[in-house]
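Spelled out, the chains give:
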Amino acid sequence: MRIIRDPETVYNCYIQEHVTDFCSQPPSAFHLRFYEEGEFLCSPMQPADCLLLLLDGTIYLYGLNQSGRYLPISARSDVMLLGDFEYATGTETQFYAEARSRIRCLALPIEPNRAALDKDNKFLHSMIRSLTDKFSFQSEIEIPSSTIEERLMRYMQISGNHRIEGIEATALVLRCSKRQLLRALKKQCEAGKIERIGHGVYSLIHHQLPRLFSDS
C-alpha cells in the first residue's frame, strides 16, 4: 500500500471525484491510498481503520465459512465504499476485500471523524445505500435465477458497467466452475447477448437489455 497526503493532490482528487456527493467532510480529512493487485484492502486480520472510497480498479469482496468455502459478496469495478460495516457496528469486519487490479481510493480515518460523520446526513444515507447494495447483490443474482446462464446475465445486468472482468472472480461470485462459466459465456456470445472485448473481459450488448430474460 502507498499513501499520499500531499494537500494539493488530495484536494484535486476530492474535487474531481465529487466527494461532496458522498459526505460533507473537508478535503483535509482525507488521504489517498494505492493498492497493488493481490493486496488486501481489509480483512479479519487487517481491520479497516479508514472508510475507503474506491475510485479506480477492481476489488473482490468475499467471506469464508468454517470449512474455508468462499462466500462471494461482489466483484466490483465501480465506485463503492469499504469500512461501512466497521463504522456501523464498531466491530472488525468478517469480510475480505482483495485488489484484483491496481486500486486508487480516498481514505477517511474512522475514529477521528466519527463524531462529525454521526451528524452528517449525506454520509449516513451513502452508508445505508452501500450496505444495502452489498447484501442485496448476491440475492439479486441467485433468487430469481436458476441456470448459470441466467445468473450470468442477471449479474451483468446489475453490475455497474454491464461487463465482467476476470473469469475466476466471476465464477466465484456465480458459484460455478470456470469451465461452466466459459461454456455459459460461449453460449451467450453465440446468442448475440454478450461480446468478448478482451482477455477475460466480456460486455453486455446493450440493445439486448430490454429482453434479456424474455427469450432465455
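See the structure printed just above.
In short, a report on the structure. Throughout this description, residue numbers start from 1 for each chain and increase along the sequence as written. For this predicted model, a pLDDT threshold of at least 70 governs which residues receive local features, and a threshold of 80 or more governs which side-chain atom pairs are given and counted, while totals over whole chains, interfaces and linings are taken from all residues. In computing side-chain properties, one takes all heavy atoms of the structure into account and sets aside hydrogens as well as water.

1. A few points about helix α3 (residues 110–117)
When α3 is considered as a whole, its buried residues turn out to be Ile110, Asn113 and Leu117. When α3 is viewed along its axis, its buried side chains cluster within an angular range of 85° and face the same direction. Those residues of α3 that are exposed and angled more than 90 degrees off the buried face are Glu111, Pro112 and Ala115. Partly exposed residues are those whose accessible area sits between 20% and 50% of the maximum for their type, while under 20% is buried and over 50% is exposed, using a 1.4 Å probe and protein chains only. In this text, helices come from DSSP runs of H or I with a minimum length of four residues, and strands from runs of E with a minimum of two, each type numbered from the N-terminal end. Along the arc lie the directions from the helix axis toward the C-beta atoms.

2. Here we look at the pairing of strand β8 (residues 96–99)
Both faces of β8 are covered, namely the face carrying Tyr96 and Glu98 and the face carrying Ala97 and Ala99. Relative to β8, strand β3 (residues 40–42) runs antiparallel, the two sharing two bridges. When the sheet's bridge partners are listed, Cys42 is paired in β8 with Ala97. Pairing between two strands is assigned when DSSP locates at least 2 bridges connecting them.

3. Details of the packing of aromatic side chains
Classification of ring pairs rests on two measures: the distance between centres of Phe, Tyr or Trp rings, Trp counted by its six-membered ring, which must be within 6.5 Å, and the angle between planes, read as stacked under 30 degrees, edge-to-face over 60 and tilted in between. Inspection of every chain in the model, using the stated rule, returns four aromatic pairs. Here Phe40 and Tyr96 contribute two aromatic rings whose centre-to-centre distance is 6.0 Å and whose plane-to-plane angle is 65°, an arrangement assigned as edge-to-face. You can see Phe40 sitting in strand β3 and its partner Tyr96 sitting in strand β8, a full 56 residues away along the chain. Put simply, the rings of Phe22, Tyr87 and Phe123 pair up and form one aromatic cluster. For a ring to carry a charge above it, either NZ of a lysine or CZ of an arginine must fall within 6 Å of the ring centroid while also lying within 35 degrees of the normal to the ring plane. Against the face of Phe34 rests Arg2, its NZ or CZ located 4.5 Å from the ring centre. One cation-aromatic arrangement involves Arg114 over Tyr87; the distance from NZ or CZ to the ring centre is 4.7 Å.

4. Here we look at the sheet that holds strand β11 (residues 194–198)
The antiparallel open sheet is built from three strands, whose spatial order is β10-β12-β11. Both outer strands of the open sheet, β10 (163–165) and β11, are each paired with one neighbouring strand and no more. Here the strands of the sheet are splayed against their neighbours by 25° on average, with no regard to which way each runs. By definition in these notes, contact holds between two residues if any of their heavy atoms fall within 4.5 Å. Axis angles are defined between N-to-C directions and span 0 to 180 degrees, where every axis is a line fitted to C-alpha atoms and, for a helix, only to the segment in contact. Of the strands in this sheet, β10, β11 and β12 (201–204) touch helix α7 (residues 178–190), which is tilted by about 115° from β11.

5. Quick word on the pattern of salt bridges
Two side chains with opposite charge may pair up if their charged atoms get near one another. Take a side-chain nitrogen of Lys or Arg and a carboxyl oxygen of Asp or Glu: if they are within 4 Å of each other, that pair is a salt bridge. Under the criterion given, the structure shown has eight salt bridges. Residues Arg102 and Glu36 are paired through a salt bridge, measuring 3.2 Å at the closest nitrogen-oxygen approach. With a gap of 66 residues between them, Arg102 in the loop between β8 and β9 (103–109) and Glu36 in the loop between β2 (31–35) and β3 connect regions that are remote in the sequence. Judged by its relative accessible area of 41%, Glu36 is partly exposed. Taking the shortest distance from any N to any O, the salt bridge between Glu111 and Arg114 comes out at 3.1 Å. Here Arg114 and Glu111 lie together in helix α3, a separation of three residues that amounts to about one turn. Residue classification places Glu111 among the exposed residues on the basis of a relative accessible area of 55%. Here the salt bridges share partners, and the residues they tie into one network are Glu17, Asp56 and Arg104.

Any functional reading would require information that these geometric values do not contain.
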